[in-house]
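Breakdown of the fold
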Amino acid sequence: MTAEQTTTPPQDRIERLADRVLAVGKAVAAQGDGRTFTVDSIYDEMSEISRQRLGDALKTLKDARRIHAIGRSKGIYELEEAFPPKRKISLTTMTDGWRLLEVGDEFSIAVTPAEGAEVGGYLAGDAVRFSMSEKIKAIESALADLRHENASLKQALRDVRKSATAQAALPL
């Protein structure tokens, strides 16, 4: 290798890969609730990299506090840098049938009932994905709590068995 031919230091390569993984994670999250993505969804989009390298990139992103795992779950992450906070949205039906859609203080548009139905159709998938994502988070949280409780009960049972065995060994 000549002096002009240099290799990229491994740390720089993993950071570049982490940036690519984050970009794909943001794109996947944008299709859902805007904040979460799974390892499997990233791997589906980036199947040219190994699971090990994907894991390394995700660890790099976690260490840099750009993503975090949700609860104690494996494989579900939330973006630290996501969409801005939700703005207030209102839809008012006017007396003449038109609808006024207002988003925050910055945007409002009058739409016909047919246009409102069309916009609703476009957004229906987002509403379902968001709802399902929230339900999945709640289920995962409950599952993590149950796993923790189960582990505590198993330990208590082991302690009781150990105590009973020790008492049975005592002379009368």
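In the block above lies the structure referred to throughout.
These notes cover the structure that comes with them. Here the structure is a predicted model, which is why all the values come from computation and not from measurement. (Residues numbered from 1 in each chain as written. Predicted model: local features only at pLDDT ≥ 70, side-chain atom pairs only at ≥ 80, totals over all residues. Heavy atoms only, no water.)

The next subject is the sheet that holds strand 5 (residues 99-103). With antiparallel pairing, the three strands of this open sheet are ordered in space as 4-5-6. A single partner strand is all that each edge strand has here, and the edge strands are strand 4 (89-93) and strand 6 (107-111). Strand-to-strand twist of the sheet, defined as the mean angle between neighbouring strand axes without regard to direction, takes the value 15°. In terms of strand pairing, strand 5 meets strand 6 through five bridges, oriented antiparallel. Looking across to strand 6, one finds that Val103 is bridged to Phe107. (Pairing = 2+ DSSP bridges. Helix = DSSP H or I, 4+ residues; strand = E, 2+ residues; numbered from the N terminus. Axes fitted to C-alpha atoms, helices over the stretch in contact; angles between N-to-C directions.)

What follows concerns the pairing of strand 4. In terms of burial, strand 4 is largely open, as just zero of its five residues are buried. Here strand 4 runs beside strand 5; their pairing, made up of five bridges, is antiparallel. Considered in strand 5, the bridge of Leu91 is made with Leu101. Between strand 4 and strand 5, which pair antiparallel in sequence order, lie five residues; one of them, Gly97, sits at a positive phi of approximately 100°. (Buried < 20%, exposed > 50% of the residue type's maximum accessible area, 1.4 Å probe, protein only.)

On the surface, a nonpolar cluster with roughly 310 Å² of combined accessible area is contributed by Val119, Tyr122 and Leu123. With respect to the element layout, Val119 can be found in helix 4 (residues 113-168). (Patch = residues over 30% accessible without salt bridge, like charges linked within 9 Å, V, L, I, M, F, W, Y side chains within 5 Å. Areas by Shrake-Rupley, 256 points an atom, 1.4 Å probe, with all protein chains shown as cover. Salt bridge = Lys/Arg side-chain N within 4 Å of Asp/Glu carboxyl O.)

This brings us to the pairing of strand 3 (residues 76-79). Here strand 3 shows two buried faces, one formed by Ile76 and Glu78 and the other by Tyr77 and Leu79. Where strand 1 (residues 36-38) meets strand 3, three bridges bridge the pair, whose relative direction is antiparallel. In the sheet register, Thr38 faces strand 3, and the bridge partner there is Ile76. Here strand 2 (residues 67-69) pairs with strand 3 via three bridges, running antiparallel. Across the sheet, Ala69 pairs through a bridge with Tyr77, a residue of strand 3.

A full pass over the atoms with the stated rule returns five salt bridges. A salt bridge links Asp19 to Arg66; its shortest N-O distance comes to 2.8 Å. You can see Asp19 sitting in helix 1 (residues 10-31) and its partner Arg66 sitting in the loop between helix 3 (51-63) and strand 2, a full 47 residues away along the chain. Note on Arg66: relative accessible area 27%, which makes it partly exposed. A salt bridge links Arg20 to Glu48, with the shortest nitrogen-to-oxygen separation between them at 2.9 Å. Note that Arg20 is positioned in helix 1 and Glu48 in the loop between helix 2 (39-45) and helix 3, a separation of 28 residues in sequence. For Arg20, a relative accessible area of 41% puts it in the partly exposed group.

Summarising the element assignment, Ser41 is placed in helix 2. With a relative accessible area of 18%, Ser41 lands in the buried category.

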